[in-house]
Amino acid sequence: MPKLKRDVIKYVRDRAKSKYEKGLACEICDKTEQLDFHHFYSLTPLLNQWLTKNKHNPEYIQALRDDFIEEHHAELYDYTATLCHAHHVQLHKVYGRDPGLGTAKKQMRWVEIQREKHGMV
Ligand SMILES: [Zn+2]
Ligand SMILES: [Zn+2]
């Protein structure tokens with residue numbers, strides 16, 4: 001897959017993030033400071049896949065981004081987790097900076113296991 005220019009992702013992220021509903025505490029350790037919003041389905045491969053599949057030209061991302069957001073509502077807003085920065089970093093250490101879309105369920109299970117370790121379940 002071709003590498004997307006960084007600002008293509010940025011246009012989509014900036015548009016989508018106003019509706020992110022971050023939780024009040026880390027889902028793993030209950031910490032309430034320095035919270036991050038994690039997507040189990042990473043935006044970069046998701047957008048890449050969509051542009052390729054529909055043969056869209058990334059240059060027109062500003063005109064296309066609302067369609068992308070509408071078609072990926074679940075991935076952008078539901079399959080997400082609020083994590084403290086430390087746990088967010090830890091997750092990305094295990095699964096990489098832009099985890100492959102095929103790892104989403106594994107990531108969810110990883111969060112579940114960490115929750116158990118912290119007595120959150
Ligand atoms: Zn945490
Ligand atoms: Zn993340």
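Look up a bit, the structure's there.
Every value quoted in this text rests on a predicted model; they were computed, and no experiment measured them. Sequence order as written defines the numbering, with residues in each chain counted from 1. For naming, the first written chain is A and the first written ligand is 1, with later ones following in the order written. Residues qualify for local features only when their pLDDT is at least 70, as the model is predicted, and side-chain atom pairs are given and counted only at 80 or more; totals for whole chains, interfaces and linings, by contrast, use all residues. Each side-chain value is worked out from all heavy atoms of the structure, with water and hydrogens disregarded.

Colleague: Can you break down the coordination of the zinc ion (ligand 2) residue by residue, with the values?
Modeller: Distances from the zinc ion (ligand 2) to its protein donors, H38 (ND1), H88 (NE2) and H92 (NE2), fall at 2.0 to 2.1 Å. Listed donors are limited to N, O and S atoms within 2.8 Å of the metal, widened to 3.2 Å for Na, K and Ca; water is not among them, so incomplete-looking sites are possible. Coordination of the zinc ion (ligand 2) draws on donor residues from a single chain, spaced H-x49-H-x3-H in sequence. One end of the pair, H38, is in strand β1 (residues 35-39); the other, H88, is in helix α5 (residues 85-95), with 50 residues separating them in the sequence. Each member of the pair, H38 as well as H88, carries the same accessibility label: buried. Runs of E in the DSSP output that reach at least two residues are strands. Runs of H or I that reach at least four are helices, and both are numbered from the N terminus. The classification of residues rests on relative accessible area computed with a 1.4 Å probe and restricted to protein chains. Under 20% of the type maximum is buried, over 50% is exposed, and intermediate values are partly exposed.

Colleague: Report on helix α3 (residues 61-71), specifying residues and quantitative values.
Modeller: Residues separated by three or four positions in an α-helix point in the same direction, a consequence of the helix having 3.6 residues per turn. Along α3, the residues classified as buried are I61, L64, R65, F68 and I69. The arc that holds every buried residue of α3, seen down its axis, measures 145°, which confines them to one face. Turned more than 90 degrees away from the buried face of α3, the exposed residues are A63 and E70. In this context, the arc is that of the directions from the helix axis out to the C-beta atoms.

Colleague: Now, about the coordination of the zinc ion (ligand 1): what can you tell me, with residues and values included?
Modeller: Surrounding the zinc ion (ligand 1) are the protein donor atoms C26 (SG), C29 (SG), C84 (SG) and H87 (ND1), at 2.0 to 2.4 Å. Under this scheme a four-donor centre is tetrahedral when all angles range from 85 to 135 degrees, a four-donor centre is square planar and a six-donor centre octahedral when opposite donors are above 155 degrees with the rest from 65 to 115, and any other centre is irregular. Around the zinc ion (ligand 1), the four donor atoms sit at angles spanning 99 to 115°, and that spread fits a shape best called tetrahedral.

Colleague: Could you give an account of the nonpolar core, with specific residues and numbers?
Modeller: Membership of the largest hydrophobic core comes to 29 residues, with the highest contact counts inside it found for V12, L47, L51, F68, I69 and L76. For this core, the element with the highest residue contribution is helix α2 (residues 43-53), accounting for five residues. By nonpolar core we mean a set of buried residues, namely Ala, Val, Leu, Ile, Met, Phe, Trp, Tyr and Cys, connected to one another through side-chain atoms within 4.5 Å.

Colleague: Give a description of unusual backbone geometry that names residues and reports values.
Modeller: Trans peptide bonds make up the majority, and among non-glycine residues the majority have a negative phi. Positive phi is not limited to glycine here, since D30 has a value of about 75°. By relative accessible area, which is 47% here, D30 ends up partly exposed.

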